[in-house]
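Examination of the molecular architecture
Okay, here's what each chain looks like letter by letter:
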Amino acid sequence: MAPLPSVSDLTVEEYFFPATVTPPESEKTLFLAGAGVRGLNIQGTFVKFTAIGVYVEAEAVDVLRPKWASKSADDLETSEEFFKDIINGDFEKFTRITFIKLLPGEEFTSKVVENCVAIWKSAGIYTDAEAQAAEKFKEVFKEQVFPPGSSIAMKHSTTASLTIAFSKDTSVPEKGVAVIENKALPLSFLESVIGKHGVSPAAKRSIAERISGLLK
């Protein structure tokens, strides 16, 4: 097992992302690859909805180093292939989403599922299994409402599953509320955040800067 790299905590808006976390239903400690806001331009104003932190296993550094150590943070930020190597890497990942604006669960999942389905269709892998996983994902969130400061915790397992947990604050629960067994869902969810059309360019910039420093 690779040693955890020395990285700093981050604060996005007023929300704290610690340097390391243990995801729900996991015995592993992951480090903070990067974090940033997700927002939309609405009538000329950038409205911030969530703060997103992405964590990875220490092994990610050794996996990424041979290919990317010579690249600058600017190079990594603009490289679709770099983020694909993180998304598809054979190491555990974890995403914490903390809400800046109140958002009903159904509204959150409708956009997530829309993005995931678009990714699956583009890759030609949208089957009944993915459709069922998307429905299970929506069902988990159906009765939830996320006020400012509340969080969603998602463990992206190397065993092709997505573990979901909810928190009333920025803490990470030890137990999940649901596990969805599907290979494509955790990959496409993370791609929707930091992939080519990722919803958080700020998180992508943060990841590029922090990982670039660790690869040197």
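Only a predicted model underlies this, so the values are computations on that prediction, with no experimental measurement involved.

Structural notes on the pattern of salt bridges
- Per the stated rule, a full pass over the model turns up 11 salt bridges.
- Between E13 and K48 there is a salt bridge whose closest N-O contact spans 2.9 Å. Taken together, the positions of E13 in the loop between strand 1 (10-12) and strand 2 (15-17) and K48 in strand 5 (residues 45-56) put the pair 35 residues apart, joining distant regions of the chain.
- Of the charged contacts, one joins D62 and R65 as a salt bridge, the two residues approaching to 3.0 Å between their closest N and O atoms. Linking D62 with R65, this pair stays in helix 1 (residues 59-68), spanning three residues, or about one helical turn.
- Residue classification places R65 among the partly exposed positions, given a relative accessible area of 30%.

Thoughts on the pairing of strand 5
- With respect to burial, strand 5 is a largely interior element, nine of its 12 residues being buried.
- In the sheet, strand 4 (residues 30-42) pairs with strand 5 via 11 bridges, with the strands oriented antiparallel. Residue pairing in the sheet places G34 in a bridge with V54 of strand 5.
- The hairpin formed by strand 4 and strand 5 contains two residues between the paired strands, and Q43 there has a positive phi angle of roughly 50 degrees.
- Here seven bridges tie strand 5 to strand 6 (residues 93-99), and the two strands are oriented antiparallel to one another. By the bridge assignment for strand 6, I52 is matched with I97.

As for the packing of aromatic side chains
- For the structure shown, the criterion picks out 11 aromatic pairs.
- On the numbers, 5.2 Å between centres and 70 degrees between planes, the contact of F141 with F166 is edge-to-face. With F141 in helix 5 (residues 128-141) and F166 in strand 10 (residues 161-167), this residue pair connects regions lying 25 residues apart in the sequence. Neither F141 nor F166 differs from the other in exposure class; each is buried.
- One aromatic cluster in this structure is built from F99, F108, F137, F141, F146 and F166.
- Across from the ring centre of F17, 3.8 Å away, lies the NZ or CZ of R96, which sits over that ring.
- Looking at K204, its charged tip hangs above the ring of F83, at a distance of 5.0 Å from the centre.

Details of the sheet that holds strand 10
- The strand order across the open sheet formed by seven strands is 3-4-5-6-9-10-11, and the pairing between neighbours is antiparallel. Each having just a single partner strand, strand 3 (20-21) and strand 11 (178-181) make up the two edges of the open sheet.
- Note that strand 6 and strand 9 (residues 151-156) share six bridges and pair antiparallel. Within strand 9, the position partnered with T98 by the bridge is S151.

Things to note about the packing of helix 4 (residues 105-123) against helix 5
- Close contact between helix 4 and helix 5 brings their axes to 9 Å; oriented N to C, the two are set at 165 degrees. Considered as vectors, helix 4 and helix 5 are oriented roughly antiparallel to each other. The two elements helix 4 and helix 5 meet at a crossing, and its hand is right-handed. From helix 4, G105, E106, F108, T109, V112, V113 and W120 reach across to helix 5, where they touch E130, A134, F137, K138 and F141.
- When grouped by side-chain class, the residues that make up the contact of helix 4 with helix 5 number seven nonpolar, two polar and three charged.

Rules and cut-offs
- Residues numbered from 1 in each chain as written.
- Predicted model: local features only at pLDDT ≥ 70, side-chain atom pairs only at ≥ 80, totals over all residues.
- Heavy atoms only, no water.
- Salt bridge = Lys/Arg side-chain N within 4 Å of Asp/Glu carboxyl O.
- Helix = DSSP H or I, 4+ residues; strand = E, 2+ residues; numbered from the N terminus.
- Buried < 20%, exposed > 50% of the residue type's maximum accessible area, 1.4 Å probe, protein only.
- Pairing = 2+ DSSP bridges.
- Phe/Tyr/Trp six-rings, centres within 6.5 Å; stacked < 30°, edge-to-face > 60°.
- Lys NZ or Arg CZ within 6 Å of the ring centre and 35° of its normal.
- Axes fitted to C-alpha atoms, helices over the stretch in contact; angles between N-to-C directions.
- Parallel < 35°, antiparallel > 145°, perpendicular 65-115°, else oblique.
- Left-handed = near helix turned anticlockwise from the far one by under 90°.
- Contact = heavy atoms within 4.5 Å.
- Nonpolar A, V, L, I, M, F, W, Y, C, P; charged D, E, K, R; others polar.

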